[in-house]
Amino acid sequence: MKVERSVRVEDKLFCNRYLVDAGHPHIKVRAHTKPSPQLLALLKACPARCYDLNDKGHVEVTVDGCMECGTCRVIGEPTGDIEWSYPRGGYGVLFKFG
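So, how was this worked out
- Residues numbered from 1 in each chain as written.
- Predicted model: local features only at pLDDT ≥ 70, side-chain atom pairs only at ≥ 80, totals over all residues.
- Heavy atoms only, no water.
- Salt bridge = Lys/Arg side-chain N within 4 Å of Asp/Glu carboxyl O.
- Helix = DSSP H or I, 4+ residues; strand = E, 2+ residues; numbered from the N terminus.
- Buried < 20%, exposed > 50% of the residue type's maximum accessible area, 1.4 Å probe, protein only.
- Phe/Tyr/Trp six-rings, centres within 6.5 Å; stacked < 30°, edge-to-face > 60°.
- UniProt positions renumbered as here; feature names shortened; annotations may be inferred.
- Core = buried A, V, L, I, M, F, W, Y, C linked by side-chain atoms within 4.5 Å.
- Patch = residues over 30% accessible without salt bridge, like charges linked within 9 Å, V, L, I, M, F, W, Y side chains within 5 Å.
- Areas by Shrake-Rupley, 256 points an atom, 1.4 Å probe, with all protein chains shown as cover.
- Contact = heavy atoms within 4.5 Å.
- pLDDT = per-residue confidence, 0-100.

### Thoughts on the pattern of salt bridges
Argument step 1. Counted according to the given criterion, the structure contains three salt bridges.
Argument step 2. Between D21 and R88 there is a salt bridge whose closest N-O contact spans 2.7 Å. Pair noted here: D21 is in the loop between β1 (17-19) and β2 (27-29) and R88 is in the loop between β5 (82-84) and β6 (92-94), with a separation of 67 residues, a long-range link.
Argument step 3. With its nearest N and O atoms 2.5 Å apart, the salt bridge here joins R30 to D81. Taken together, the positions of R30 in the loop between β2 and α2 (37-45) and D81 in the loop between α3 (71-76) and β5 put the pair 51 residues apart, joining distant regions of the chain.
Argument step 4. Taking the relative accessible area as the measure of exposure, D81 reaches 3% and is therefore buried.

What follows is the structure, given as structure tokens:
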């Protein structure tokens, strides 16, 4: 009997590569004094964990490692909490298997 070893999502994400477009992030968080419920939701909804709280309690985004899945676009862009655009040509996520 063959037993398959389970694979963690983090291990699969490590297979992807990212070409960072320094100085031209494709996601920007709107300046805020208190995070909106949508911004706080992004802390848990982003599968790549690109969103985090800084020491002042503000939500920040680190686009390095973004999978461009659009989750944050669906949650934060309609309310104006984030600005989202596609990365410039040649930059962004480079999927290894597809």
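### Quick notes on the packing of aromatic side chains
Argument step 1. Inspection of every chain in the model, using the stated rule, returns one aromatic pair.
Argument step 2. Centroid distance W84 to Y86: 4.9 Å. Interplanar angle 75 degrees. Geometry classified as edge-to-face.

### A closer look at the UniProt feature "domain: ETF-QO/FixX C-terminal" (unreviewed entry) in the protein chain
Argument step 1. Per the UniProt annotation, the sites labelled "domain: ETF-QO/FixX C-terminal" (unreviewed entry) are residues 44-93.
Argument step 2. The annotated region residues 44-93 carries 16% helix and 22% strand content, and the separation between its end C-alpha atoms amounts to 20 Å.

### Things to note about the nonpolar core
Argument step 1. Core analysis: the largest hydrophobic core is formed by 12 residues, namely I27, L39, L42, C46, C50, Y51, V59, V63, C66, C72, I82 and W84.
Argument step 2. Only α2 and β5 provide two or more residues apiece to this core.

### Details of a nonpolar patch on the surface
Argument step 1. Together, L19, Y91 and L94 make up an exposed nonpolar region whose accessible area comes to about 250 Å².
Argument step 2. Considering the arrangement of structural elements, one finds Y91 in the loop between β5 and β6.
Argument step 3. Note on Y91: relative accessible area 31%, which makes it partly exposed.

### Some details on the side chain of D21
Argument step 1. Taking the relative accessible area as the measure of exposure, D21 reaches 11% and is therefore buried.
Argument step 2. Setting aside anything within four residues of it in sequence, one finds D21 in contact with R88 and Y91.

### A closer look at the confidence of the model for the protein chain
Argument step 1. Per-residue pLDDT for the protein chain has a mean of 88; in total, 95% of the residues score no lower than 70.
Argument step 2. Here helix α1 (residues 9-13) stands out as the least confident element of the protein chain, with mean pLDDT 72; strand β4 (residues 59-61) is the most confident, with 96.

### Thoughts on the environment of S36
Argument step 1. Relative to the helices and strands, S36 resides in the loop between β2 and α2.
Argument step 2. Taking the relative accessible area as the measure of exposure, S36 reaches 15% and is therefore buried.
Argument step 3. Sequence separation of S36 and D21 is 15 residues, and the distance between their C-alpha atoms is 28 Å.

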